[in-house]
Amino acid sequence: MEFFKLLAGVTNAPSQRRNIQNRTPLFLNTIMMLFSSVISGILGKRQLGRVFLEAEIFKKKNKVLYDTGADISCLDEKEFRKIPIDLRPKANAFSTYRQYLSASKDPLVVKGVFDIPIKICRRTIYHPFYVIKNLSDPVILGADFIHCLLYTSDAADEGLGV
C-alpha cells in the first residue's frame with residue numbers, strides 16, 4: 001500500500017505532500033523503471049544498473065545496451081566495420097548540422113546512419129542505427145528503438161511489448 005501512496009504522491013506529513021504537477025513525472029519514471037526491470041528479467045541481464053539484451057546483428061550475437069536515456073540507437077564504428085563489406089547497407093541521408101552528445105555531454109562523431117537488421121526474441125527488425133566513432137558500448141538501443149518496438153502492432157504477440 002505504501003508503494004501506491006508513493007506513486008500517487010500521498011503522504012501524511014503536510015510538508016511532504018506533492019502537488020498534482022509533481023505526480024506525473026514520478027508516475028512516468030516509475031512506469032519506465034518497472035518496464036526496464038521487466039524487460040531485463042525477460043530478455044537480458046543487468047550489470048551495474050545497466051540492462052543488456054542478447055541480440056543478433058548480421059547473424060552475429062551481441063550484447064546490446066538497452067538505454068532508455070539515449071535518444072538514438074547507436075552502433076560503434078568498430079562493430080560496423082566487422083560487417084562484411086558486401087553486406088553493409090547504404091547510408092541513409094541525415095543532417096550533418098545536428099550535434100549529438102554522449103551522456104557525459106561530449107560530442108559524438110557520427111559516421112553515418114544505416115538501416116541495420118537486429119534480431120531479438122526470434123523477431124528481426126530493420127532500424128536506423130547511427131554509426132559512432134569510439135562509442136562507449138558496441139551497440140546501444142535508444143528511445144527511438146524502444147518507441148518503435150512499443151508501437152509495432154504485433155510486438156506484444158512476440159513478447160516484446162508492454
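Before reading further, recall that the structure is shown in the block above.
Please read all numbers here as calculations on a predicted model, not as lab measurements.

About the cut-offs
- Residues numbered from 1 in each chain as written.
- Predicted model: local features only at pLDDT ≥ 70, side-chain atom pairs only at ≥ 80, totals over all residues.
- Heavy atoms only, no water.
- Helix = DSSP H or I, 4+ residues; strand = E, 2+ residues; numbered from the N terminus.
- Buried < 20%, exposed > 50% of the residue type's maximum accessible area, 1.4 Å probe, protein only.
- Contact = heavy atoms within 4.5 Å.
- Areas by Shrake-Rupley, 256 points an atom, 1.4 Å probe, with all protein chains shown as cover.
- Phe/Tyr/Trp six-rings, centres within 6.5 Å; stacked < 30°, edge-to-face > 60°.

1. What about the overall build of the chain?
Line of reasoning, step 1. Along its length, the chain carries four helices and eight strands.
Line of reasoning, step 2. Along the chain, from the amino end to the carboxyl end, the secondary structure elements read α-α-β-β-β-β-α-β-β-β-β-α.
Line of reasoning, step 3. A total of 162 residues make up the chain; the buried ones form 35% of that total.
Line of reasoning, step 4. The contacts of the chain with a sequence gap of at least 6 include a subset with a gap of at least 24, amounting to 53%.
Line of reasoning, step 5. Per element, the accessible surface of the chain, about 10600 Å² overall, is 56% carbon and sulfur.

2. Notes on the packing of aromatic side chains
Line of reasoning, step 1. Under the defined criterion, the tally for this structure stands at two aromatic pairs.
Line of reasoning, step 2. Each ring, one from Phe80 and one from Phe114, has its centre 4.5 Å from the other, and the planes form 35°; the classification is tilted. Pair noted here: Phe80 is in helix H3 (residues 77-81) and Phe114 is in strand E6 (residues 110-120), with a separation of 34 residues, a long-range link. No difference in accessibility class separates Phe80 from Phe114, as the two residues are buried.

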